[in-house]
Amino acid sequence: MNTNEPGNHDEALGKLLKEWRTDAPLPLGFQEAVWRRIQRAQAPTALSVWDVIADWIGTVLPRPALAVAYVAILLTIGLTAGWTQARQETARVKGELGERYIRILDPYQPPRQ
Amino acid sequence: MKKGLFILLLGLALAAAVYGCVYFICTSSARNLEQSSQPELAWLKEEFNLSDSEFKRISELHAAYLPQCAEMCRQVEAQNQRLKALLAATNQMTPEIESAVAESARLRGVCQRNMLKHFYEVSRTMPPEQGRRYLAWVQERTFLTSEGMMRDK
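Residues numbered from 1 in each chain as written. Chains lettered and ligands numbered in written order. Predicted model: local features only at pLDDT ≥ 70, side-chain atom pairs only at ≥ 80, totals over all residues.

J.: With reference to specific residues and values, describe the interface of chain A and chain B.
T.: Each partner contributes to the interface: chain A provides 33 residues, whereas chain B provides 40 residues. Contributions of two or more residues to the side of chain A that touches chain B are made by α3 (49-60) and α4 (64-105) of chain A. For the side of chain A that touches chain B, the element with the most residues is α4(A), which contributes 25 residues. Taken together, the residues of the side of chain A that touches chain B break down into 22 nonpolar, 6 polar and 5 charged. (Contact = placed C-beta atoms within 7 Å. Helix = DSSP H or I, 4+ residues; strand = E, 2+ residues; numbered from the N terminus. Nonpolar A, V, L, I, M, F, W, Y, C, P; charged D, E, K, R; others polar.)

J.: Any details on the packing of α4(A) against helix α1 (residues 2-26) of chain B? Residues and values, ideally.
T.: The N-to-C vectors of α4(A) and α1(B) enclose an angle of 25°; their axes lie 7 Å apart at closest approach. In terms of axis orientation, α4(A) runs roughly parallel to α1(B). As for how α4(A) packs across α1(B), the hand of that crossing is right-handed. Partitioning the contact of α4(A) with α1(B) into residue classes produces 21 nonpolar, 6 polar and 1 charged. (Axes fitted to C-alpha atoms, helices over the stretch in contact; angles between N-to-C directions. Parallel < 35°, antiparallel > 145°, perpendicular 65-115°, else oblique. Left-handed = near helix turned anticlockwise from the far one by under 90°.)

J.: So, helix α2 (residues 30-42) of chain A: which residues are in play, and what are the values?
T.: The α-helix winds at 3.6 residues per turn, so residues separated by three or four positions along the chain end up facing the same way. Between its terminal C-alpha atoms α2(A) stretches 19 Å, which fits the 18 Å expected from 13 residues at 1.5 Å a residue. Among the 13 residues that make up α2(A), 0 are buried, leaving the element largely open to the surroundings. (Expected span 1.5 Å × (residues − 1). Buried ≥ 20, exposed ≤ 12 C-beta atoms within 10 Å, placed from the backbone.)

Geometric descriptors of this kind do not, in isolation, establish any biological role.
Written out as structure tokens, the structure is:
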């Protein structure tokens, strides 16, 4: 008979545990401490913002529809920001050149601020 | 996670690239104006949709006007210095001050007359609609400015 089989091990261990007795007293508050640890382990852990973001990047963002939407939104933002900034810059340059044109022709123009 | 991070960074990189490209393309006209030999005239050409021949004629008028304008500037500056010296020398009205004030006003009149003449010539060189717009624009910024009229506000 092979005593190394898992079934035989469990049987032997079970027998040994049933026979085992100890007279050593438990430390004070041992049971409460054990229950506290069990409750702590079972309580849902609060996720940090970074955990949520990392989870979103890892699991939600790779979905094709969402990835396409995400890239499309960023492209739109880049396009709009570039166009708006360019328009402001162009208006500024043209306004300045118009002012310079007048300044060249009119000696009574106040000096540039 | 790796795939998600790649998509995240790809989106940001594409947005930055699109921003740069759009900005570069849309500011090219302003850059061209600034880099031209006469930016103010180049601006005038673009602002009032001038043809090459109209622009050439206006450039000639502009070049002819500038020496007159420079001479007027010199006279105005000399007169201002003279008036300043007279005002510093006394605390009452003198015939010299009266004469200097009158001369300053005369110079201003001459200057404005020359300037207006130039504006009319330039506006006549432009297509009628643009000419009207040009005249309204220059008059608004030279003759019709609100400077010196702050008490009325």
